[in-house]
Amino acid sequence: MDKLQIVGGKRLNGDIAVSGAKNAALPILCAGLLTAGDVALSNVPRLHDVKTILKLLEQTGLKVTRDDENVTLNGAGITRLEAPYELVKTMRASILVLGPLLARFGEAKVSLPGGCAIGSRPVDQHIKGLRQMGAEITIEGGYIYAKAKKLKGARILTDMITVTGTENLLMAATLAEGETVLENAAREPEVTDLANLLVAMGARIDGIGTERLVIQGVAELHGARHAVISDRIEAATFLCAVAATGGDIVLTNTRTDIFDVALDKLREVGLQMEIGSNTIRARMDGRAQPVSFRTTEYPGFPTDMQAQFMAVNTIAAGPSRVTETIFENRFMHVQEMNRLGAQISTEGNTAFIKGVPRLAGAQVMATDLRASASLVIAAMAAEGTTLIDRIYHLDRGYDRMEVKLSQVGAEIVRIK
Ligand SMILES: CC(=O)N[C@H]1[C@@H](OP(=O)(O)OP(=O)(O)OC[C@H]2O[C@@H](n3ccc(=O)[nH]c3=O)[C@H](O)[C@@H]2O)O[C@H](CO)[C@@H](O)[C@@H]1O
Ligand SMILES: C=C(OP(=O)(O)O)C(=O)O
């Protein structure tokens, strides 16, 4: 299993190109199932999760042509309407094939994703919404079996805001008969990116970017071209890294209009930022200021940045408090950060961080994707050498993070 070895204490200087967004690319690739036409995508990130979803899509009979960050899909020859457990268990986003397969082919068999390190993560809202659209759904032997001759438009109010739930129902609604209204829809920029692709494929969607999506179903969708939006979580992760280590970096290929409250929090930390049309220059001198926050849905503070900000808080000049409201178990990084000398205690869904003058390198273990990123940041700020085990979590969602960071001066190597 690959590990990362990091010698801390190096300032970061130089340019980093941000990749396409994992959480936009995954639903967008699944949208290829909705049409027999060519869907030509660019800015598709080189991630393990992308490999997994492409493997899953190919198993259905979808034709995939890939040239690095350009991927063309053709769904003219889909024959297998199934997502097997072996692939779904490695990546929960596989559930995103359910809506498209059911809407276009009237049938789908998709393994239940189950929970993961950060929480139980049920998919009951996806199922509830599809049932409201007339699907007959049974669950047996760990699989969701869904059937509907033709999905029918419906008004769907989900119990909570769900990102992939909104995406699944949105994709299903594009080919349903009549009008679907998705109330309480997720407003994440990745949902908007998917909706924009669907419109380019001939879907009729109003309210894009709002909590009320209104979809008029069409008989069929056609091919389209689309560039996946830049990854705001990857970008903000690099900004946290420079906030923790000090330095002067320029992020390129960013989309600064899609950021959430995280950029404001970085200013509170003390990061000086110059925002260009698709670049962010970030400079940091001196010690980080502590920032307290609660994670919420977009445009609030993203849960996917909680751990990385906590890494910065561990060495900040004062105490802070972080409350996680989206997932019930997203503090797995706390114990590992404490191994590096951080002083963090938790009470329920709140973490109290003291802020210490220095961290010291140690052996730690990554438990999930963003926890891994937070340990990389903490290790780069720590004195001495840190060895991070189980970085396959990191590879799920970051494109060669160690290469990008070592190009700007971090001392970080992958040990095979
Ligand atoms: C591939 C992808 O885009 N992943 C993102 C997506 O995950 P994902 O779409 O899985 O997260 P959701 O927005 O669905 O989850 C929000 C909350 O709702 C709960 N819930 C959700 C659906 C459901 O049917 N029932 C239910 O109870 C979840 O357990 C969680 O507590 O949004 C999360 C929240 O921004 C991010 O952390 C993930 O990076
Ligand atoms: C939780 C995440 O992803 P996923 O929903 O794919 O597990 C994430 O990107 O931080």
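What counts as what
Each chain carries its own residue numbering, running from 1 in the written order of its sequence. Starting at A for chains and at 1 for ligands, labels are handed out in the order in which the entities are written. Local features in a predicted model are, by the rule used here, given only for residues with pLDDT of at least 70; side-chain atom pairs are given and counted only at 80 or more, and totals for whole chains, interfaces and linings are based on all residues. Counting from the N terminus, the helices are DSSP H or I runs at least four residues long and the strands are E runs at least two residues long. Two things to know: the radius of gyration comes from C-alpha atoms, and the globule rule equals 2.2 Å times the number of residues to the power 0.38. For every residue, the other C-beta atoms within 10 Å of its own C-beta are counted; 20 or more classify it as buried, 12 or fewer as exposed, and values in between as partly exposed. C-beta atoms are placed from the backbone. Remark: residues whose backbone-derived C-beta atoms lie within 7 Å of one another are considered to be in contact. A pair of strands is treated as paired once DSSP finds two or more bridges between them. Orient the strands so they point away from the viewer; a crossover is then right-handed if the path from the first strand over the helix to the second runs clockwise. In this analysis a residue is considered near a molecule or strand if the C-beta atom, reconstructed from its backbone, is found within 6 Å of that molecule or strand. Under the convention adopted here, Pro, Cys and the residues Ala, Val, Leu, Ile, Met, Phe, Trp and Tyr are nonpolar, Asp, Glu, Lys and Arg are charged, and Gly plus all remaining residues are polar. Domain start and stop positions are those given by an automatic or database domain assignment. UniProt positions are given in the numbering used here, feature names are shortened, and annotations may be inferred rather than shown by experiment.

Engineer: Please clarify how the overall build of the chain should be interpreted in this entry.
Structural biologist: If you tally the helices and strands in the chain, you get 14 helices and 24 strands. In terms of overall size, the chain behaves like a compact globule, its C-alpha atoms giving a radius of gyration of 21 Å where 416 residues would be expected to give roughly 22 Å. Viewed in the frame of its principal axes, the chain has a C-alpha envelope of about 65 × 40 × 40 Å. Counting every position in the chain, which comprises 416 residues, the buried fraction comes to 52%. Taking as baseline every contact in the chain between residues at least 6 positions apart, the subset at least 24 positions apart corresponds to 73%.

Engineer: Sorry, what's going on with the pairing of strand E23 (residues 385-389) here?
Structural biologist: In summary, the side chains of a regular strand alternate between the two faces of the sheet. Residue alternation in E23 divides its side chains into a buried set, Thr 386 and Ile 388, and an unburied set, Thr 385, Leu 387 and Asp 389. The pairing of strand E1 (residues 3-7) with E23 spans four bridges and is classified as antiparallel. Looking at the pairing, Val 7 lines up with Thr 385 of E23. Alignment of strand E22 (residues 363-365) against E23, held across three bridges, turns out to be parallel. Within the sheet, the bridge partner assigned to Gln 363 lies in E23 and is Leu 387. Crossover connection from E22 via helix H12 (residues 369-381) to parallel E23: handedness right-handed.

Engineer: Hey, could you run me through the site of ligand 1 in this one?
Structural biologist: Around ligand 1 sit 20 residues in total, of which Asn 23, Gln 125, Thr 162, Val 163 and Thr 164 are the nearest. Of all elements in the fold, only helix H1 (22-30), helix H5 (124-132) and helix H6 (163-174) reach the threshold of two or more residues within the shell around ligand 1. For the shell around ligand 1, the residue count by class is eight nonpolar, eight polar and four charged. Shared between two domains, the shell around ligand 1 holds at least three residues of each, these being domain 1 (3-19 + 231-415) and domain 2 (22-227).

Engineer: Is there a simple way to explain the UniProt feature "binding site: UDP-N-acetyl-alpha-D-glucosamine" (unreviewed entry) in the chain in this structure?
Structural biologist: The residues that UniProt annotates with the feature "binding site: UDP-N-acetyl-alpha-D-glucosamine" (unreviewed entry) are Arg 92, Arg 121, Pro 122, Val 123, Asp 124, Gln 125, Asp 304 and Ile 326. With 16 C-beta atoms packed within 10 Å, Arg 121 lands in the partly exposed category. Those residues in contact with Arg 121, other than ones at most four positions away along the chain, are Arg 92, Pro 113, Gly 115 and Cys 116.

Engineer: How do you make sense of the domain arrangement of the chain when you look at a structure like this?
Structural biologist: How big an interface is tends to be reported as the loss of accessible area on association of its parts. Along its sequence, the chain is organised into domain 1 (3-19 + 231-415) and domain 2 (22-227). The distance between the C-alpha centroids of domain 1 and domain 2 comes to 30 Å. Taken together, the contact pairs 17 residues of domain 1 with 15 residues of domain 2. The greatest single-element share of the side of domain 1 that touches domain 2, amounting to three residues, is contributed by helix H13 (residues 392-397). Residue classes in the side of domain 1 that touches domain 2 are distributed as four nonpolar, four polar and nine charged.

Engineer: Sorry, what's going on with the site of ligand 2 here?
Structural biologist: Around ligand 2, a shell composed of Asn 23, Arg 92, Ala 93, Asp 304, Leu 369, Arg 370 and Gly 397 is seen. For the shell around ligand 2, a count of residues per class yields two nonpolar, two polar and three charged. When residues of the shell around ligand 2 are sorted by domain, at least three fall in each of domain 1 (3-19 + 231-415) and domain 2 (22-227).

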